[in-house]
Amino acid sequence: MDAYALLLAATLNAGTVLAIAALGLLINEKAGIVNLGAEGLMLCAAIAGFAAVVHTGSDWAGFAAGMAAGALLSAVFGWLVIWLGTNQYATGLALSLFGVGFSAFAGIGYVQARLPERPRFDWLGLGDVPFIGPALLRQHPLVYAGMLLALGLAWFLYRTRAGLVLRAVGESPQSAHALGYPVRRIRLLAVVVGGALCGLAGAYLSVIYTPLWVEGMVAGKGWIALALTTFATWRPARVLLGAYLFGGVTMLQFHLQGQGVQVPSQFLSMLPYLATVVVLALISRNPTWIRVNMPASLGKPFHPGS
């Protein structure tokens, strides 16, 4: 039971990184913008957050630095694709490549750095309750915040006027513009907020989940988060479930190794990525279902004068 409790706890921890990043990308895509630069955003935010904690000793300063780095890079991305009309896919890939290279350069001096001792959490004083305590009640506050974020985003998108406007901008920007809404500013705001969440996920990865800095430590999680939005058909609650599913697959490799299962470690390491490919392949078998749920103007540029 202890082993399964630890597996569940690790699943929630790993899934939080994917959930927060994927929810940020979901906000982008609901506004009609595809950002393929999540991997680079998360790497830059990871080194920014790690460096901030090294110099200040505060985890929350690290989260703030990660969010600021993600928001800043996303603002540049948004300016390029929304105001200058550059191709969203090419610009996102360029951002991803830039983030990989810049984070490696900026992080040279932090490879051997160590963070202050991590705080231990025991919510409601029930951390020692068999199974439930180790599995659910010793998590970092951001694990629970990720759950609340998914619920709050679902409420915002489908129960508020602002959420309706955001979805309208992603579905038909021409109609939203005709009604007097500043489509480009709304899209830029969505891109910045989504980038800040990707930055928070990157900072959580280097400050809490690992916690250390290693070049390329995001290791494809940005791409998995991007795939999660399609897997969840652009629904926040499904994003959360999908994140925990992929987080569980990631942690399963360590659980199997700990149980002495005789499977090559290379095969176990590729499980999360194999699961991503399999899920996307299965979803792609029904393109009509994807088109019904996908924002109609996703990836399409908008020019107010056209």
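Structure: above.
Cut-offs applied
- Residue indices follow the written sequence of each chain, beginning from 1 at its first position.
- Per-residue local features of the predicted model are confined to residues with pLDDT of at least 70, and side-chain atom pairs are confined, for both listing and counting, to 80 or more; whole-chain, interface and lining totals are unaffected and use all residues.
- Side-chain metrics in this entry use all non-hydrogen atoms of the structure; hydrogen atoms and water are not considered.
- Counting from the N terminus, the helices are DSSP H or I runs at least four residues long and the strands are E runs at least two residues long.
- In this treatment the radius of gyration is a C-alpha quantity, and the globule benchmark scales as 2.2 Å times the residue count to the 0.38 power.
- Burial classes: relative accessible area under 20% of the type maximum marks a residue as buried, over 50% as exposed, and values in between as partly exposed (1.4 Å probe, protein chains only).
- It only takes one pair of heavy atoms within 4.5 Å for two residues to be counted as in contact.
- The charge count includes Lys and Arg as positive and Asp and Glu as negative, but it does not include His or the ends of the chains.
- Here the site of a charge means NZ on Lys, CZ on Arg, CG on Asp, or CD on Glu.
- Our working definition of a disulfide is a cysteine sulfur pair at a distance within 2.5 Å.
- Axes, fitted as lines to C-alpha atoms, cover a helix only where it is in contact. Angles between the N-to-C directions of the axes lie from 0 to 180 degrees.
- We call a crossing left-handed when the near helix sits turned anticlockwise from the far one by less than a right angle, and right-handed when that turn is clockwise.
- Each residue is assigned to one class: nonpolar for Ala, Val, Leu, Ile, Met, Phe, Trp, Tyr, Cys and Pro, charged for Asp, Glu, Lys and Arg, and polar for all the others, Gly among them.
- An expected span of 1.5 Å times one less than the residue number is assigned to each helix.
- Given a residue, its bend is the angle between the two axes fitted to the seven residues that end at it and to the seven that start from it.
- Whenever a nitrogen or oxygen atom comes within 3.5 Å of another N or O atom, the pair is scored as a polar contact, on the condition that within protein one atom can donate a hydrogen and the other can accept it, and that pairs from neighbouring residues in sequence are kept only if both atoms are in side chains.
- Ring geometry is summarised as follows: Phe, Tyr and Trp rings, the Trp one being its six-membered ring, pair when their centres sit within 6.5 Å, and such pairs are stacked at plane angles under 30 degrees, edge-to-face over 60 and tilted between the two.

*Asks:* Give me the overall build of the protein chain: which residues, what numbers.
*Replies:* When its secondary structure is counted, the protein chain shows 14 helices and zero strands. Taking 19 Å as the expected radius of gyration for a compact globule of 306 residues, we find that the protein chain reaches 20 Å, a close match to that expectation. Its C-alpha atoms give the protein chain principal-axis dimensions of about 60 × 45 × 40 Å. Taking all 306 residues of the protein chain together, the buried fraction comes to 50%. A sequence separation of at least 24 residues applies to 78% of the contacts in the protein chain between residues at least 6 apart. In the protein chain, 17 side chains carry a positive charge and 9 a negative one; their mean positions are 17 Å apart.

*Asks:* Any details on the state of the cysteines? Residues and values, ideally.
*Replies:* In total, this model carries zero disulfides according to the counting rule given. Of the cysteine sulfurs around C44, a residue in no disulfide, the closest is that of C198, at 12 Å. The exposure class of C44 is buried, given its relative accessible area of 5%. On the accessibility criterion, C198 (0% relative accessible area) is buried.

*Asks:* Give me the lowdown on unusual backbone geometry, citing residues and values where you can.
*Replies:* The phi torsion at F131 lies on the positive side, around 65°, for a residue other than glycine. In this structure, F131 sits in the loop between α4 (88–106) and α5 (132–136). For A219, which is not glycine, the phi torsion reads 55° and is therefore positive.

*Asks:* Tell me about the packing of helix α3 (residues 59–83) against helix α9 (residues 183–209), residues and numbers included.
*Replies:* Across the interface, α3 lies against α9 with an axial gap of 6 Å and an inter-helix angle of 145°. Here the hand of the crossing between α3 and α9 comes out right-handed. Classifying every residue of the contact of α3 with α9 gives 17 nonpolar, seven polar and four charged.

*Asks:* Give a description of helix α11 (residues 236–258) that names residues and reports values.
*Replies:* Its 23 residues give α11 an end-to-end C-alpha distance of 33 Å, which sits within 8% of 33 Å, the value for a rise of 1.5 Å per residue. Maximum bend of α11: about 30°, positioned at M251. Immediately beyond the C-terminal end of α11, within one or two residues, lies G260, with a positive phi of roughly 80°.

*Asks:* Just give me the short version of the side chain of T229, but keep the residues and values in it.
*Replies:* One can find T229 in helix α10 (residues 221–231). Side-chain polar atoms of T229 contact the backbone oxygen of L226, separated by 2.7 Å. Beyond its immediate sequence surroundings of up to four residues, T229 is in contact with A22, L25, L26, E29 and W234.

*Asks:* Explain the side chain of T160 to me, using residue names and the numbers behind them.
*Replies:* In this structure, T160 sits in the loop between α6 (141–159) and α7 (161–171). On the basis of relative accessible area, T160 is assigned to the buried category, the value being 16%. Looking at T160, its side chain comes within polar contact range of the main-chain nitrogen of G163, at 3.1 Å.

*Asks:* I'd love a proper account of the packing of aromatic side chains, names of residues and values included.
*Replies:* A complete count under the given rule lists five aromatic pairs for this structure. Taken together, a centroid distance of 5.5 Å and an interplanar angle of 15° make the contact between F98 and F102 stacked. Taken as a pair, F98 and F102 lie in helix α4 at a separation of four residues, close to a single helical turn. Through a chain of ring-to-ring contacts, the aromatic side chains of F121, W123 and Y144 assemble into a single cluster.

*Asks:* Run through the environment of V34, naming residues and quoting values.
*Replies:* Examined against the element boundaries, V34 turns out to sit in the loop between α1 (2–30) and α2 (38–56). In sequence terms V34 and Q257 are 223 residues apart; their C-alpha atoms lie 37 Å from each other. Other than its neighbours up to four places away in sequence, V34 contacts F77, Q88, Y89, L298 and G299.

*Asks:* An account of the environment of F102 is requested, with residue identities and associated values reported.
*Replies:* For F102, a relative accessible area of 40% puts it in the partly exposed group. Considering only alpha carbons, one finds F102 and G40, 62 residues apart in sequence, at a separation of 8.7 Å.

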